[in-house]
Amino acid sequence: MDRRPVGVFDSGVGGLTVFKELEANLPHESLLYLGDTARVPYGTRSPDTVVRYSVEAAHFFRSHDVKMVVVACNTASSVALPELEREAGVPVLGVIEPGARQAVNRTRSGKIGVIGTRATVRSSAYTRAIHAVNPDLEVLARPCPLFVPLAEEGWTDNQVAKETAEIYLRPLLDAGVDTLVLGCTHYPLLKDVIGEVAGDGVALVDSAEAVSVAVREQLTTTKKLLASRDDAVPRHRFFVTDAPEPFHDAAKRFLGRSLDHLELVEIAGE
Ligand code: DGL
């Protein structure tokens, strides 16, 4: 039994979709969330910059004695996982592999669509992870950058969201994908509108949900790090690198509740 918290890393507020899944799947675990809100978005930046930011985040987690780090951010998972693993000093789990595995299990037509930030799509991380399981599958990837501000604005079910989804997804749907990986922290918030546009014949893979199942597996079986059921109520703490108020407001929308412990930290130069 291990009472140390699980670290959750994201570029900003979007990783709360992963936090929510982790909380639901691991009700006895304390979670320590870091949102690099001073430097969000990561999805428009170069791999070198995302690696540099991620290394600083890894040092932050190292100094906060977490037992593992979940990289909620698809962009950081795509381009900086080896560096995060090297620097964190504890097991690190990204969202790409669990999402890719689930997509491989779901597809029947052999054609998988992947949507994410520009940096995630440019990295081809999902394509590589899918092909590592089954090289015969066809993967079509497309960046959908406008989904991020739509989700943060709470425009998740209006006409603008619907038309944006229609324009982004049409080429993938016309190409015959039967499975679509929501490869960005924010996209689960648009699941309804994406599902409506994609139609019943397309399975949506929520990488937030996929990673939470993988974390549970890793904590129970491989690592024996699970917190005991008899432990006190888990304590969740949130850290951000820019003014906490906007994060707090967004968190209320993402989680439907206020946060007890929210703190401003400096990680640049860590
Ligand atoms: N967290 C990012 C991701 O999942 C989206 C927001 C950003 O670009 O930083 O890729």
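- Going by the annotation in an unreviewed UniProt entry, the name recorded for the protein chain is Glutamate racemase, with Candidatus Polarisedimenticola svalbardensis given as the source organism.
- According to the UniProt record, the Catalytic activity (unreviewed entry) comment for the protein chain is "L-glutamate = D-glutamate".
- Its UniProt record gives the protein chain a comment under Sequence similarities (unreviewed entry), which states: "Belongs to the aspartate/glutamate racemases family."

1. Here's the deal with the overall build of the protein chain
Move 1: Scanning the protein chain for helices and strands turns up 11 helices and 10 strands.
Move 2: For the protein chain, whose C-alpha radius of gyration is 18 Å, the value lies close to the compact-globule estimate of 18 Å for 270 residues.
Move 3: In the protein chain, which comprises 270 residues, the share counted as buried stands at 57%.
Move 4: A fraction of 77% describes how many contacts in the protein chain between residues 6 or more apart in sequence connect residues 24 or more apart.
Move 5: Of the roughly 11,600 Å² that the protein chain leaves accessible, carbon and sulfur atoms contribute 48%.
Move 6: Looking at charge distribution, the protein chain has the averaged site of its 29 positive side-chain charges lying 3 Å from that of its 37 negative ones.

2. Section: the packing of aromatic side chains
Move 1: A full pass over the atoms with the stated rule returns 11 aromatic pairs.
Move 2: Their ring planes at 50° and their centres at 5.8 Å tell us that Tyr 33 and Phe 247 sit as a pair that is tilted. With Tyr 33 in strand E2 (residues 31-35) and Phe 247 in helix H11 (residues 244-255), this residue pair connects regions lying 214 residues apart in the sequence.
Move 3: The residue whose ring lies beneath Arg 39 is Tyr 53, and the NZ or CZ to ring-centre distance is 3.9 Å.

3. Examining the sheet that holds strand E1 (residues 6-10)
Move 1: Judged by pairing direction, the sheet is parallel, and its 6 strands sit side by side in the order E4-E3-E1-E2-E9-E10 without closing on themselves. Taken across any chain shown, the strands that pair with only one partner, and hence form the sheet edges, are strand E4 (92-94) and strand E10 (262-264). Mean inter-strand twist for the sheet, computed between neighbouring axes without regard to direction, equals 20°.
Move 2: In this sheet, strand E9 (residues 237-240) lies alongside E2 in parallel orientation, the contact comprising 4 bridges. Bridged to Leu 34 within E9 is Phe 239.

4. Focus on the side chain of Ser 11
Move 1: Among the secondary structure elements, Ser 11 is positioned in the loop between E1 and helix H1 (16-25).
Move 2: In contact with Ser 11, other than residues within four places in its own chain, are Gly 35, Asp 36, Thr 37, Val 40, Tyr 42 and Cys 73.

5. Describing the nonpolar core
Move 1: Leu 16, Leu 22, Ile 130, Val 215 and Phe 247 are the most contacted members of the largest nonpolar core, which totals 43 residues.
Move 2: Those residues in contact with Leu 22, other than ones at most four positions away along the chain, are Val 8, Leu 31, Val 70, Ser 212 and Val 215.
Move 3: Counting residues in hydrophobic clusters, the runner-up holds 26 residues, among them Val 50, Tyr 53, Val 55 and Ala 76.

6. Remarks on the pairing of strand E5 (residues 111-116)
Move 1: Within E5, 5 of the 6 residues are buried, which leaves the element mostly enclosed by the surrounding structure.
Move 2: As paired strands, E5 and strand E6 (residues 138-143) are joined by 6 bridges and run parallel to one another. Pairing of Gly 113 across the sheet is with Leu 140, part of E6.
Move 3: As defined by bridge partners, E5 adjoins strand E7 (residues 179-183) across 5 bridges and the pair is classed as parallel. Paired with Gly 113 across the two strands is Leu 180, which belongs to E7.

7. Considering the side chain of Glu 87
Move 1: Mapped onto the secondary structure, Glu 87 falls in helix H3 (residues 74-88).
Move 2: The class for Glu 87 is buried, based on a relative accessible area of 19%.
Move 3: Those residues in contact with Glu 87 that sit more than four places away from it in its chain are Val 55, Ala 58, His 59 and Arg 62.

8. Here's the deal with the packing of helix H2 (residues 47-63) against H3
Move 1: Two elements in contact, H2 and H3, have axes whose closest approach is 8 Å; the angle formed by their N-to-C orientations is 45°. One way to sum up the angle between H2 and H3 is to call them oblique. The handedness of the crossing between H2 and H3 is right-handed. Residues Pro 47, Val 50, Val 51, Ser 54, Val 55, Ala 58, His 59 and Arg 62 of H2 form the contact with H3, whose own contacting residues are Thr 75, Ala 76, Val 79, Ala 80, Glu 83, Leu 84, Arg 86, Glu 87 and Ala 88.
Move 2: Partitioning the contact of H2 with H3 into residue classes produces 10 nonpolar, 3 polar and 4 charged.

Rules behind the numbers
- Residues numbered from 1 in each chain as written.
- Predicted model: local features only at pLDDT ≥ 70, side-chain atom pairs only at ≥ 80, totals over all residues.
- Heavy atoms only, no water.
- UniProt positions renumbered as here; feature names shortened; annotations may be inferred.
- Helix = DSSP H or I, 4+ residues; strand = E, 2+ residues; numbered from the N terminus.
- Rg over C-alpha atoms; globule rule 2.2 N^0.38 Å.
- Buried < 20%, exposed > 50% of the residue type's maximum accessible area, 1.4 Å probe, protein only.
- Contact = heavy atoms within 4.5 Å.
- Areas by Shrake-Rupley, 256 points an atom, 1.4 Å probe, with all protein chains shown as cover.
- Lys, Arg positive; Asp, Glu negative; His and termini not counted.
- Charge placed at Lys NZ, Arg CZ, Asp CG, Glu CD.
- Phe/Tyr/Trp six-rings, centres within 6.5 Å; stacked < 30°, edge-to-face > 60°.
- Lys NZ or Arg CZ within 6 Å of the ring centre and 35° of its normal.
- Pairing = 2+ DSSP bridges.
- Axes fitted to C-alpha atoms, helices over the stretch in contact; angles between N-to-C directions.
- Core = buried A, V, L, I, M, F, W, Y, C linked by side-chain atoms within 4.5 Å.
- Parallel < 35°, antiparallel > 145°, perpendicular 65-115°, else oblique.
- Left-handed = near helix turned anticlockwise from the far one by under 90°.
- Nonpolar A, V, L, I, M, F, W, Y, C, P; charged D, E, K, R; others polar.

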